[in-house]
Amino acid sequence: MGPCFSPLCQFITAFTDFLAFMVLFNYIIPVSMYVTVEMQKFLGSYFLTWDEEMFDEEIGEGPLVNTSDLNEELGQVEYVFTDKTGTLTENNMEFIECCIEGHVYVPHVICNGQILNDCAGIDMIDSSPGGSSKEREELFFRALCLCHTVQVKEDDNVDGLKKAHLSGRSSVYISSSPDEVALVEGIQRLGYTFLRLKDNFMEILNRENDIEKFELLEVLSFDSVRRRMSVIVKSAKGEILLFCKGADSSIFPRVTEGKIEQVRSRVERNAVEGLRTLCVAYKKFTYEEYESVQKSLQEAKLALRDREKKLAEAYEQIEKGLILLGATAVEDRLQEKAADTIEALQKAGIKVWVLTGDKMETAAAACYACKLFRRNTQILELTTKKIEEQSLHDVLFELSKTVLRYSGSLTRDTFSGLSAEMQDYGLIIDGAALSLIMKPREDGSSSNYRELFLEICRNCSAVLCCRMAPLQKAQIVKLIKWSKEHPITLAIGDGANDVS
């Protein structure tokens, strides 16, 4: 059979010859070029290390570059995901006030030109505390002195930690959570001092300078799902008490007594001002009830299968029927130049998302303070409260119509952020709403809601995700990272919760 001279055969022959040429002669690109490019990347990464403007004088360290591709990837970032606490804020907590049974207590308050005593309370809601209120007040202070994981170190030279003078001694409170340190120090200024934990006994110093001892029976540890922690202690009188502190969303549904509405209104007011709030409750056990609690906890701890699930179920049963004592407010100031940084990122066309576990009002106040949201930003809410009023489907389509209303006539200027004519949108979503969006539908598909959610987010200049569990933070980043555009993303966090 002779050679084929048809146009199709000639094209196929030429194409296969070209491919063979590329395979055989690809070494024409010199190996030295690959080496040169990699060396350029490697040396270029040192310019970040040598950058004086990125040097932190407080800790005496500059940036540490772990990959040679960092320079070119930073120039392509489209989305920045940031935690709030410790990233936008200083993670340096300061105790502001506490509300007990409707009475507000503020350390070092100036009233009529005079500084009130540390333990003085300012009544802003009810009449003066009565006998029962006095008892609840003492229980509240004891709860904050006992319900924590703070350790006391008697040392004059501990770097980076606050010092507290306990009964004439120089001591330092140490904890993995700055909130706990701030609360223990704040309560100390109000008359109750946590002294130490020794041989499973917790010692506190009360206002009369008497040392009270409580036996620590059980610790129901904090986790990001429950959003609360509890301790079960036994007093010198033989009373067995459970003290519980946590987020308002996890405490209020479990409370059956106490001045709930007064405390709730104070919590909401503090949250709007950008303060971090915690609620405190307690419960008394009889010996028979405690034996039952101890038995259920022991069975859960010794379970060989589904131990964490059984512990969570045991905690859920124990932390019921609580009596509300009050709430606390702690301030975490914004980092210096946080607002200028976010403004510069938005002008560069980069979208900034804040992922936090804080209450929505607290997080929103911080977002306004750091200029993530502006005065003319139209806030769109995709929250549990909104979904309770309407179905998830209706809320998503309503938001989609709102953000896409002007998309046909107005475009986004990627070099200067938002064009002057375009409406600036900001989206707020909470963890419960995100769970519904990510949850597979009954027909087995979940992509419809996800795509609609992504479309809404793409048309918002800023997104705030509040009440987020660590796993949900990872889901958000993954959702954007693996969307059809495959954008380069930058995720910033200050702890293990943010990189789970």
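Residues numbered from 1 in each chain as written. Predicted model: local features only at pLDDT ≥ 70, side-chain atom pairs only at ≥ 80, totals over all residues. Heavy atoms only, no water.

Caption draft 1: Just empty space enclosed by the protein, in detail. Tallying each qualifying case throughout the model produces one cavity of 30 Å³ or more. Roughly 40 Å³ of internal volume is contained in the largest cavity. Every residue lining the largest cavity is listed: E97, C98, C99, R266, V267, N270, A327, T328 and A329. Breaking the lining of the largest cavity down by element, the ones donating at least two residues are β2 (89-100), α8 (260-272) and β16 (322-334). Split into classes, the residues belonging to the lining of the largest cavity amount to five nonpolar, two polar and two charged. (1 Å grid on protein atoms, 1.4 Å probe; cavity = no way out; pocket = protein on both sides within 12 Å on 5 of 7 lines; lining within 4 Å. Points joined across faces, edges and corners; volume = space filled by probe spheres on them. Helix = DSSP H or I, 4+ residues; strand = E, 2+ residues; numbered from the N terminus. Nonpolar A, V, L, I, M, F, W, Y, C, P; charged D, E, K, R; others polar.)

Caption draft 2: Quick look at the pattern of salt bridges. Across all of its chains, the model carries 34 salt bridges by this definition. Here R266 ties to E97 by a salt bridge, and the two come within 2.9 Å at their closest N and O atoms. Taken together, the residues R266 in helix α8 and E97 in strand β2 connect sequence positions 169 residues apart. For the pair R266 and E97, a shared accessibility class is recorded, and that class is buried. In this structure, D248 engages K359 in a salt bridge whose closest nitrogen and oxygen atoms are separated by 2.6 Å. Linking D248 in helix α7 (residues 248-251) with K359 in the loop between β17 (351-355) and α12 (360-369), this pair joins segments that are 111 residues apart in sequence. Overall, the relative accessible area of 8% leaves D248 in the buried class. The network of salt bridges with shared partners includes D223, R226, R228, R254, E316 and E319. (Salt bridge = Lys/Arg side-chain N within 4 Å of Asp/Glu carboxyl O. Buried < 20%, exposed > 50% of the residue type's maximum accessible area, 1.4 Å probe, protein only.)

Caption draft 3: Geometry of the pairing of strand β19 (residues 425-430). Burial of β19 is extensive: six of the six residues sit out of reach of the surface. Side chains Y425, L427 and I429 project from β19 onto one buried face, and the interleaved G426, I428 and D430 project onto a second face that is buried too. Summarising the sheet, strand β18 (residues 378-382) and β19 pair through five bridges and their orientation is parallel. Pairing of Q378 across the sheet is with Y425, part of β19. Pairing geometry for β19 and strand β20 (residues 462-466), over five bridges, is parallel. In the sheet register, G426 faces β20, and the bridge partner there is A462. (Pairing = 2+ DSSP bridges.)

Caption draft 4: Structural view of the sheet that holds β20. An order of β18-β19-β20-β17-β1-β21 is seen for the six strands of this open sheet, with the pairing classed as parallel. Among the strands making up the open sheet, the edge pair consists of β18 and β21 (488-492). Here the average twist between neighbouring strands, direction ignored, is 20°. The pairing of strand β1 (residues 77-82) with β21 spans five bridges and is classified as parallel. Bridging from a neighbouring strand, F81 pairs with A491 of β21. (Axes fitted to C-alpha atoms, helices over the stretch in contact; angles between N-to-C directions.)

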